[in-house]
Amino acid sequence: MADVAVIGGGVVGLGIAWEAARSGRHVVVVDPAPGSGASFAAAGMLAAVSEYHYQEEELLGLMIASAQYWPEFASPLAAEAGYLRTPTLCIAADAADRQALADLRTVQEHYGLEVRSLSVREARRLEPLLAPAISGAFEIAADHQVDPRRLLSALLSRLGEERVVRERARGLLWEGGRVVGVRLADGRELRAAETVVANGLEARSLEGVPVPLPLRPVHGDILRLRVPPHLRPLLTATVRGLVRGKPVYLVPREDGTVVIGATQREDGSDGVSAGGVYELLRDAQALVPAVAELELYEMTARARPGTPDNAPLLGRVAARWAGKPSEGAPTDDGGDIPGLIVATGFFRHGVLLTPVAARVCREILDGATEERWAAFRPDRFMDQAQRDSAASGRTA
């Protein structure tokens, strides 16, 4: 019997498993192909400041906390994870883009975030291959990067193959009102004192989850290009740009490659979008013309798990929802369901939020959770769902 079973071998699941293992617990990860989902395609920007979106203040707090945890989280992984504390430059292609970034900076500074305005000359002195025609630039020293593929490899190596069950999870095991493990697709049962549901979009179809998990697939196309020797380094910092109001980013890697992304679409298509590839290359070249000389060697598309408020589902589930989800009937007015933690719905921020997700889950396992993260509970939509259901019933 395991102390902790983590369903899901993406960066969040592996980060939670590693944190739990470091606390001395016996941990098992359940995933048929660890590291092959959304984490495999991710660019790895640790962009708590530049990823801020209007009216997402609670999520901002979670992101800032996780960014602060990143150095400590990455330190035991050494250089294996490709963690770099290089800054991020936000670049405007035209005057309207510059104004949009300036307006965002005003809000960012309101929340105490540091964003430094640069002249075009200063920006091009830092990054000589930026286009001469860019309209403005801002530097964010606190936004760093990590290489997700190297991070996934490092986490798997630290955990060890003996802790990975390469099988799909079919559902949760229940016994006496608590979750006691995982039922595997091949019929086996894996018992654990605590089970963490961290398998992204797959969590929607997991049997025995006591609340509906409102996850939607948000697909993104992402490109990887190889920089020829005569153009290295193409960039030394991550570049996030606005080009005619559309975002694009370029993330340089230590191995002489660059990641360009990412589109955001909800068309249900798992394939790479030709239009998306065209737009990414077009907009990246508007900021860094030398992109046209790079070798395009990989095009990837993955679906990220979004939620109604774009914030993760993180924490325990109230015991009053332990009845059948379809009935919507509370069964208990006190406490949380023992043995169950949910950690999914990280949308664009899975890599950034891995350290805070790991820490929150360890605190839950230790019995000392922080109330400041209660806004991200996975059952936070249930009361509204009940009201909607009741209203629908009255209308009928």
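Residues numbered from 1 in each chain as written. Predicted model: local features only at pLDDT ≥ 70, side-chain atom pairs only at ≥ 80, totals over all residues. Heavy atoms only, no water.

**Considering the overall build of the protein**
When helices and strands are counted, the protein shows 9 helices and 18 strands. The C-alpha extent of the protein, read off along each of the three principal axes, is 65 × 55 × 40 Å. For the protein, buried positions account for 54% of its 396 residues. In the protein, the proportion of contacts linking residues at least 24 apart, taken out of those at least 6 apart, comes to 75%. Working note: accessible area of the protein is about 16,700 Å², and carbon and sulfur atoms make up 50% of it. Put simply, the protein has 44 plus and 51 minus side-chain charges, and the middle of one group is 2 Å from the middle of the other. (Helix = DSSP H or I, 4+ residues; strand = E, 2+ residues; numbered from the N terminus. Buried < 20%, exposed > 50% of the residue type's maximum accessible area, 1.4 Å probe, protein only. Contact = heavy atoms within 4.5 Å. Areas by Shrake-Rupley, 256 points an atom, 1.4 Å probe, with all protein chains shown as cover. Lys, Arg positive; Asp, Glu negative; His and termini not counted. Charge placed at Lys NZ, Arg CZ, Asp CG, Glu CD.)

**Looking at helix H6 (residues 148-159)**
Taking 1.5 Å as the rise per residue, H6 with 12 residues should run 16 Å; its terminal C-alpha atoms sit 16 Å apart, in good agreement. Among all positions in H6, only Pro 148, Leu 151, Leu 152, Ala 154, Leu 155 and Leu 159 are buried. One side of H6 holds all its buried residues, which, seen down the axis, span an arc of 165°. Each element contacted by the buried residues of H6 is listed here: helix H1 (11-22), strand E2 (27-30), helix H2 (38-41), helix H3 (57-74) and helix H8 (350-366). Of the residues trailing H6, Gly 160 is marked for its positive phi of about 90°. (Expected span 1.5 Å × (residues − 1). Arc of directions from axis to C-beta.)

**Comments concerning the environment of Pro 378**
Within the fold, Pro 378 resides in the loop between H8 and helix H9 (382-395). Overall, Pro 378 belongs to the buried group, its relative accessible area being 1%. Between the C-alpha atom of Pro 378 and that of Leu 213, which follows or precedes it by 165 residues, the distance is 7.3 Å. What Pro 378 contacts, discounting residues up to four positions off in sequence, is Val 211, Leu 313, Leu 314, Gly 315, Arg 316, Val 317 and Val 342.

**Things to note about the packing of H1 against H8**
Following both chains from N to C, one finds H1 and H8 inclined at 40°, their axes separated by 8 Å at the closest point. Put simply, H1 runs oblique to H8. In this structure, H1 meets H8 at a crossing whose hand is right-handed. The segment H1 lies against H8, with Val 11, Val 12, Gly 15, Ile 16, Glu 19 and Ala 20 engaging Gly 350, Val 351, Thr 354, Ala 357, Ala 358, Cys 361, Arg 362 and Leu 365. (Axes fitted to C-alpha atoms, helices over the stretch in contact; angles between N-to-C directions. Parallel < 35°, antiparallel > 145°, perpendicular 65-115°, else oblique. Left-handed = near helix turned anticlockwise from the far one by under 90°.)

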